[in-house]
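# An overview of the molecular structure
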There are 2 protein chains.
Amino acid sequence: MYAFFIRTFEGSKTQVELLKEKIRQDGKVLSEEVLKVDSFLNHQIDPVLMQEIGKEFVARFSDQNITKIVTIESSGIAPATMAGLILGVPVVFARKRKSLTLTDHLYSAKVHSFTKNESNDISVSKDFISNEDTVLLIDDFLANGQAALGLIDIAEQAGAKIAGVGIVIEKAFQPGGELIRKAGIRLESLAELQSLQDGKVQFVGEEAF
Amino acid sequence: MYAFFIRTFEGSKTQVELLKEKIRQDGKVLSEEVLKVDSFLNHQIDPVLMQEIGKEFVARFSDQNITKIVTIESSGIAPATMAGLILGVPVVFARKRKSLTLTDHLYSAKVHSFTKNESNDISVSKDFISNEDTVLLIDDFLANGQAALGLIDIAEQAGAKIAGVGIVIEKAFQPGGELIRKAGIRLESLAELQSLQDGKVQFVGEEAF
């Protein structure tokens, strides 16, 4: 319902073009597997870009009657909140904890981080997802897919309908995307990284930059 | 610059009235010191209310030439991002960590949590705050003031000008507010809790509810 009021950002560039441009300009390739986007997504946030990302998620899932957006703290919160604002639906962020002693009244899932080589639990209160919800799961990065699969697990525990997974940046050279599609879940990644070889960002279907 | 495009929420109610109404309706008084607002601020987020809160912060600091908003993960991110969107400035969220081994290229401060009885470091990359910034520090709750003082410490380490501190809910019966004002920092709290006695929310200057 907000769509009419949102300013068009830099004329006719699409949301995905804006995002890719930002990644090319400000992303730092730290290794063949690590792209650092701390300057606009993971530590410093560009709210105007987040709004554009929110618009794009909403457009891609406009055929779904989404009642709630679910994400994970912390970097998922900004894009998820922008999508929630546009749709006029609540946003729930799963909390990360080393290990849960009190799992009462929580849906929780174990998420293994390959980069940090540690497992964390993520959890959502049972108050905030139900079997009447159609949820859109949003996260900043998709690599090995463990966080997204954790969110899917939680949504399934709640009996919610899963509209799909919306990802800001997918490392298409890692297995997360395939795992989600194999689980029969719709995946929309706004920027898909083909590779980070030779210190260059290469998007799927484009030349290396 | 977005101010003209933002829909007026529920007619003529002020942002503060909307927030207080939400606290009265959905806040849960767990003890004389604890108000749970997980349903719209700390776990589930009401994005439309967050936008109203962002508008109010921007209005209150409209005499300041704010270049950056600084908050703490995770619950500060949504209101801070909304304020950043309206102002068109970046938002930086300080990260919480148990203890920092790598403090290289980081501004960090120790923050003691009285509720959890533990100390954490919060940190911000030196890339994202500088002595050319005028920062607005935003957080969801103000109680003992340790988190806000940590943010002030970090902003001072960076040599930034501090426009002030914006808080969604202040527990005015705890010492944080006084500590911040004593430090000579301007404080704007949108909802000020006078007390939570007898299971009731009482705002400063109002009857118990």
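First, a word on scope: everything that follows refers to the structure included in this document. These numbers were taken from a predicted model, which means no experiment stands behind them. (Residues numbered from 1 in each chain as written. Chains lettered and ligands numbered in written order. Predicted model: local features only at pLDDT ≥ 70, side-chain atom pairs only at ≥ 80, totals over all residues. Heavy atoms only, no water.)

Residues and elements named next belong to chain A. Within the secondary structure, Ile-72 is located in strand E4 (residues 68–72). Once the C-alpha coordinates of Ile-72 and Val-124 are considered, the two residues, 52 residues apart in sequence, prove to be 9.5 Å apart. When sequence neighbours within four positions are dropped, the list of residues in contact with Ile-72 reads Ile-77, Phe-93, Ala-94, Lys-96, Ile-122, Ile-138, Asp-139, Ala-147 and Leu-151. (Helix = DSSP H or I, 4+ residues; strand = E, 2+ residues; numbered from the N terminus. Contact = heavy atoms within 4.5 Å.)

What follows covers unusual backbone geometry. Of the consecutive residues A:Glu73 and A:Ser74, the connecting peptide bond is found in the cis state with omega at -5°. Tracing the backbone shows A:Ser74 in the loop between E4 and helix H4 (77–87). Phi at A:His105 takes a positive value of approximately 60°, unusual for a residue other than glycine. Relative to the elements of secondary structure, A:His105 occurs in the loop between strand E5 (91–97) and strand E6 (106–113). Classification of A:His105 as partly exposed rests on a relative accessible area of 42%. At B:Asn117, a residue that is not glycine, the phi angle is positive and equals roughly 50°. With respect to the secondary-structure elements, B:Asn117 resides in the loop between strand E6 (106–113) and strand E7 (118–125). Judged by its relative accessible area of 60%, B:Asn117 falls in the exposed class. (Buried < 20%, exposed > 50% of the residue type's maximum accessible area, 1.4 Å probe, protein only.)

Let's shift gears to the pairing of strand E8 (residues 134–142) of chain A. All names here are of chain A. Counted residue by residue, E8 has nine buried out of nine residues, so it is predominantly covered. Here three bridges tie E4 to E8, and the two strands are oriented parallel to one another. Considered in E8, the bridge of Lys-68 is made with Val-135. As paired elements, E8 and strand E9 (residues 161–171) share eight bridges and run parallel to each other. Bridging across to E9, Val-135 finds its partner in Ile-162. Between E8 and its parallel partner E9, the chain crosses via helix H5 (residues 146–157), and the hand of that crossover is right-handed. (Pairing = 2+ DSSP bridges. Right-handed = clockwise from strand over helix to strand, strands pointing away.)

Moving on to the nonpolar core. Judged by nonpolar contacts, the single largest core of 80 residues is most densely connected at A:Leu19, A:Ile23, A:Ile69, A:Ile169, B:Leu19, B:Ile23 and B:Ile69. Setting aside residues up to four positions removed in sequence, A:Ile69 forms contacts with A:Ala80, A:Ala83, A:Gly84, A:Leu87, A:Val89, A:Pro90, A:Val91, A:Val92, A:Leu136 and A:Ile138. (Core = buried A, V, L, I, M, F, W, Y, C linked by side-chain atoms within 4.5 Å.)

This part is about the relation of the copies chain B and chain A. At an RMSD of 0.0 Å, chain B and chain A line up after a rotation of 180° and a shift of 0.0 Å along the axis. When the rotation and shift are considered jointly, the pair of chain copies conforms to a two-fold rotation axis. Residue by residue, 100% of the interface of chain B is reproduced at the interface of chain A, so both copies engage with the same surface. (Least-squares fit on C-alpha atoms with pLDDT ≥ 70 in both.)

Note on pairing: side chains with opposite charge can pair once their charged atoms come close. All names here are of chain A. Scanning the entire structure with this criterion turns up 24 salt bridges over all chains. A salt bridge links Glu-52 to Lys-55, with the shortest nitrogen-to-oxygen separation between them at 3.7 Å. Separated by three residues within a single helix, Glu-52 and Lys-55 lie in helix H3 (residues 47–60), roughly one turn from each other. Here Glu-188 ties to Arg-186 by a salt bridge, and the two come within 3.5 Å at their closest N and O atoms. Take Glu-188: its relative accessible area is 18%, and that puts it in the buried class. (Salt bridge = Lys/Arg side-chain N within 4 Å of Asp/Glu carboxyl O.)

Residues and elements named next belong to chain B. Mapping Ala-109 onto the fold places it in strand E6. Taking the relative accessible area as the measure of exposure, Ala-109 reaches 6% and is therefore buried. Linking Ala-109 and Leu-151, residues 42 residues apart in sequence, is a C-alpha distance of 7.6 Å. Once residues within four sequence positions are removed from consideration, Ala-109 is found in contact with Asn-120, Asp-121, Ile-122, Gly-150, Asp-153 and Ile-154.

This paragraph deals with the pairing of strand E10 (residues 187–195) of chain A. Residues and elements named next belong to chain A. Of all nine residues making up E10, seven are buried, and the element is well covered by its neighbours. As judged from the six bridges shared by E9 and E10, these two strands associate in the parallel manner. In the strand pairing of E10, Glu-170 is matched with Glu-192. The β-α-β motif built from E9, the intervening helix H6 (residues 176–182) and the parallel element E10 has right-handed crossover chirality. Bridge analysis of E10 against strand E11 (residues 202–203) gives two bridges, and the strand direction is antiparallel. Each bridged residue has a counterpart across the sheet, and for Leu-193 the counterpart in E11 is Phe-203. Connecting E10 to the next strand, E11, in antiparallel fashion are six residues, including Asp-198 with a positive phi near 60°.

On to the packing of aromatic side chains, then. Overall, the coordinates contain zero aromatic pairs over all chains when judged by the stated rule. Geometry around A:Phe203 places A:Lys20 over its ring, the cationic atom sitting 5.2 Å from the centre. (Phe/Tyr/Trp six-rings, centres within 6.5 Å; stacked < 30°, edge-to-face > 60°. Lys NZ or Arg CZ within 6 Å of the ring centre and 35° of its normal.)

Turning our eyes to something else, we now look at the packing of helix H1 (residues 15–26) of chain A against H3(A). Residue and element names in this part refer to chain A. One can describe the packing of H1 onto H3 by two numbers: an axis separation of 9 Å at closest approach and a directional angle of 140°. If you check the angle between H1 and H3, you find them oblique. For the pair H1 and H3, the sense of crossing is left-handed. Residues Gln-15, Val-16, Leu-18, Leu-19 and Lys-22 of H1 touch H3, and the partners they reach there are Leu-49, Glu-52, Ile-53, Lys-55, Glu-56 and Arg-60. In the contact of H1 with H3, the residues fall into five nonpolar, one polar and five charged. (Axes fitted to C-alpha atoms, helices over the stretch in contact; angles between N-to-C directions. Parallel < 35°, antiparallel > 145°, perpendicular 65-115°, else oblique. Left-handed = near helix turned anticlockwise from the far one by under 90°. Nonpolar A, V, L, I, M, F, W, Y, C, P; charged D, E, K, R; others polar.)

This part is about helix H3 (residues 47–60) of chain B. Every α-helical turn comprises 3.6 residues, leaving residues that sit three or four positions apart pointing alike. In this model, H3(B) (14 residues) spans 20 Å end to end at C-alpha, consistent with the 20 Å of a helix rising 1.5 Å per residue. Buried within H3(B) are the following residues: B:Pro47, B:Val48, B:Leu49, B:Met50, B:Gln51, B:Glu52, B:Ile53, B:Gly54, B:Lys55, B:Glu56, B:Phe57 and B:Val58. (Expected span 1.5 Å × (residues − 1).)

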